[in-house]
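Now for the letters of each chain:
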Amino acid sequence: MDERPGSHLVSPVDLPAGFSSQDWDSAQILTLTADQPPVLRSVGTPTQLAPPQTPSLSGAVSWEFPISADPARLRLQLHWIPSESGSRAEVTDRLSLSDPAPAQAPLLLAFWDTLDARTPAALLRSWDGAHTGPNGTRHGLKHLLSNAAAAQVPLTLLDLKTPQNLQALDFLGQIPNLAALQQAGLLDLADGSKTAPYAAAYALVQSRKLTETYGLPLGNAAFSPLLSGEYDTAFAYLPGATRLVVRRGSQRLIPLPAHPYASKSTALGVDASLLHRLLLSARSPDPYDGVVAGGSLASTAWADADSADLAYLASLPWVKILSIQDLTAFSPVSAPASLCPDLLCTPRPFALRPTSETGQFLPANSAYAALQPSIASQLQSLPANALTDAAWQAFQQAAQPAASYLRQRLQANYLPNLRFLLYAAQWAEAPVSHQDCVQDLDLDGQAECVLSNAHWLLILDPLGARLVTAVFSDGGRPQPVIALPSQFAVGNSDPLDWKYSIGPLADSREIPGAFFHPDEPLEVYTPSLSPNTLALTAPSGRQLTVSLNGTEVVFTLRRAGDGLTRFPLRLAPSACMHSASPFQAQATSLSWIVSPTQAFTLTRSTAQWSFSTSCDSAAYLSQPEDPSRENPPGHYLPFPLAVLDIGYTQILELHLAPSSPFTDLFYYQ
């Protein structure tokens, strides 16, 4: 420090080699050694110095400088003298307290993979997980939002506005918190998600609708592989970008901090690399040269419960943390050239073919890469209704981009099932009576059976006598009644247990149709048709008979001895928001809601049944994840799904019919 005229460092022997004492009055020498506390030594300072303070979480070192003269005359300079022999010393410019404040480094914090709301188990782990994140500590979106609010730091979440995510957050009571953070300027929510390019337009429309449904502020930034004309700003993977905002044609693009599909994140929080980039930005002559940090939230330490990163950044006067709105004032330059096929550099589908339940490869026209645009093209022509939404949701699961070959191989096995919903959509445009067993709808080389009238469409697979689709239509409002878990979540079981060669049976938690049970043999049934009735008979003598009688469907199972079967039920998207009384095993009928205007009732004959739903662990979701807690089976069911497990002897009769909607989730008699 230089406080008065002349030089007063009279003991140059006490100073490090390479330091010139000319014109300086005092110096403080701070020695930093790995795994040791900092040591501060004074030269030429007559007053006692406060010891250095080292906050343990941020790693920053701070200490007080003694000022014995007029502060206006104080000049400071930092000499960084590495201990390594031959290393070059670095010297900062001289700083006076009367100098204008230095420029701030612009910083945008943007995250994706913000929440996994496919099942209650996944939701709890990504919201308030016990041993998740890169450090194996408590981690999740809950902690990121809490830390941002405490530090008053704005965040940008890129893929939170999806139906499953916002329905889950609504169930957790977090929508008002999101709205409050947005109103305070502490949270930006982009539209879109990491979806297949063929589903990009649909995902953006869904985000817009969800914004209105939940009363959230509108935004004008997109996180999507492709853009529609409604957005003037989008996020993109642009590793060569030098500014926070660049332009490609009429699009304003914000560079992402990492590849969205990278297997491992390199942004673990505030580290030396981030601080170095921020220092370069602060010293840059270009005021629009900034830094984007964040990345895949699931694999970064930003969301650790004990993270002090946001508070530390907020304490740095030379860093300015921005919102998307702040970036509107930034002048863009031309975007660098890119070899990516779209904005998110989405991985292309591998050259692979799905397999059937019997281990046979499906024909070439069912190849994963070719089937995606074919199905998407048909989905885009469908009218807006619950059936179309169900089909799009299933498509986004089965066609979800992934850098992993094994992940794509698993998903490919479920993509042909989308053709069942496409067939149902065609029927729903003009519901008519029809029955045959000649159409190979899922391209597995075996024909499925179709049974329909003016109200119901049923599709059954003779392999296992599985009911794979059941759609009810009343006045032009088609409504899927059953659902397969893969329509909401593909790969719900442990990846080590995936069996890729057996088609839709690859995931052990999949229920590949009603009347399937993993403990029963998978036989090939022979179909027999009569007016409004389909009978499927197995070599073992087991039989399933399905009859349509107006708005009622009657299922009859016959066999020798005891049997087991399952019936997956589709629930209303907001099902878990409704109250539900405990399941009554002695009840002979079960009613449930599938939409605000539609409910159904299933009545059984003599049998024993148990009931699991994705709402069963609702009481646990408001608590931190506890790995030692025993969770109910429904904890691992996708939202919004329920499953009836039925045990019977020799014969089981089930009656399925529409009923009037009610306020609770279920009704038993």
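Residues numbered from 1 in each chain as written. Predicted model: local features only at pLDDT ≥ 70, side-chain atom pairs only at ≥ 80, totals over all residues. Heavy atoms only, no water.

1. A few points about the pairing of strand 25 (residues 533-537)
Note on strand geometry: in a regular strand, side chains alternate between the two faces of the sheet.
Part 1 of the reasoning: Most of strand 25 sits out of view: four of its five residues are buried.
Part 2 of the reasoning: Bridge count for strand 24 (residues 526-530) against strand 25 is five bridges, and the pairing is antiparallel. Pairing of Ser528 across the sheet is with Ala535, part of strand 25.
Part 3 of the reasoning: Counting the residues between successive antiparallel strands, the hairpin from strand 24 to strand 25 contains two residues, one of them, Asn532, with a positive phi of roughly 60°.
Part 4 of the reasoning: Pairing of strand 25 with strand 26 (residues 543-549) involves five bridges; the strand directions are antiparallel. Each residue of the ladder has a partner; that of Leu536, found in strand 26, is Leu544.
Part 5 of the reasoning: The antiparallel hairpin formed by strand 25 and strand 26 contains five residues in its connecting segment, where Gly541 sits at a positive phi of about 100°. (Buried < 20%, exposed > 50% of the residue type's maximum accessible area, 1.4 Å probe, protein only. Helix = DSSP H or I, 4+ residues; strand = E, 2+ residues; numbered from the N terminus. Pairing = 2+ DSSP bridges.)

2. Examining the state of the cysteines
Part 1 of the reasoning: All chains considered together, the criterion is met by three disulfides.
Part 2 of the reasoning: Residue Cys576 pairs covalently with Cys615 via a disulfide, S to S 2.1 Å. Taking the torsion about the S-S bond as the criterion, the Cys576 to Cys615 disulfide, at about -90°, is left-handed. Taken together, the residues span a long stretch of sequence, with Cys576 in the loop between strand 27 (552-570) and strand 28 (589-595) and Cys615 in the loop between strand 30 (608-613) and strand 31 (641-659) at a distance of 39 residues.
Part 3 of the reasoning: Classification of Cys576 as buried rests on a relative accessible area of 13%.
Part 4 of the reasoning: Here the bonded cysteines of the chain are numbered in sequence order, and their pairing is 1-2, 3-4, 5-6. (Disulfide = S-S within 2.5 Å.)

3. A closer look at the sheet that holds strand 20 (residues 448-452)
By way of backbone hydrogen bonds, the strands of a sheet pair with one another, either parallel or antiparallel.
Part 1 of the reasoning: The strand order across the open sheet built from five strands is 19-20-21-22-23, with neighbouring strands paired in antiparallel fashion. Both outer strands of the open sheet, strand 19 (434-439) and strand 23 (478-480), are each paired with one neighbouring strand and no more. Ignoring which end each strand starts from, the neighbouring axes of this sheet average 15° apart.
Part 2 of the reasoning: Pairing between strand 20 and strand 21 (residues 456-461): four bridges, direction antiparallel. Along strand 21, the bridge assignment pairs Leu451 with Leu458.
Part 3 of the reasoning: The strands touched by helix 9 (residues 386-398) are strand 22 (466-473) and strand 23; relative to strand 23, the strand with the most contacts, the crossing angle is about 40°. (Axes fitted to C-alpha atoms, helices over the stretch in contact; angles between N-to-C directions. Contact = heavy atoms within 4.5 Å.)

4. Quick word on the pattern of salt bridges
Part 1 of the reasoning: Scanning the entire structure with this criterion turns up 15 salt bridges.
Part 2 of the reasoning: A salt bridge links Arg118 to Asp116, with the shortest nitrogen-to-oxygen separation between them at 3.1 Å.
Part 3 of the reasoning: For Asp116, a relative accessible area of 26% gives the class partly exposed.
Part 4 of the reasoning: Between Arg208 and Glu230 there is a salt bridge, and its shortest N-O distance comes to 3.7 Å. Taken as a pair, Arg208 in helix 5 (residues 200-213) and Glu230 in the loop between strand 12 (221-222) and strand 13 (233-236) lie far apart in primary sequence, 22 residues in all.
Part 5 of the reasoning: Among the ionic contacts, a cluster of salt bridges with common partners joins Lys161, Asp191, Arg208 and Glu230. (Salt bridge = Lys/Arg side-chain N within 4 Å of Asp/Glu carboxyl O.)

5. Remarks on the confidence of the model for the chain
Part 1 of the reasoning: Looking at the chain, the pLDDT average stands at 89 and 90% of residues meet or exceed 70.
Part 2 of the reasoning: Here residues 54-58 is a poorly scored stretch, pLDDT under 50, and it has seven contacts once near neighbours within four places are set aside; other chains count. (pLDDT = per-residue confidence, 0-100.)

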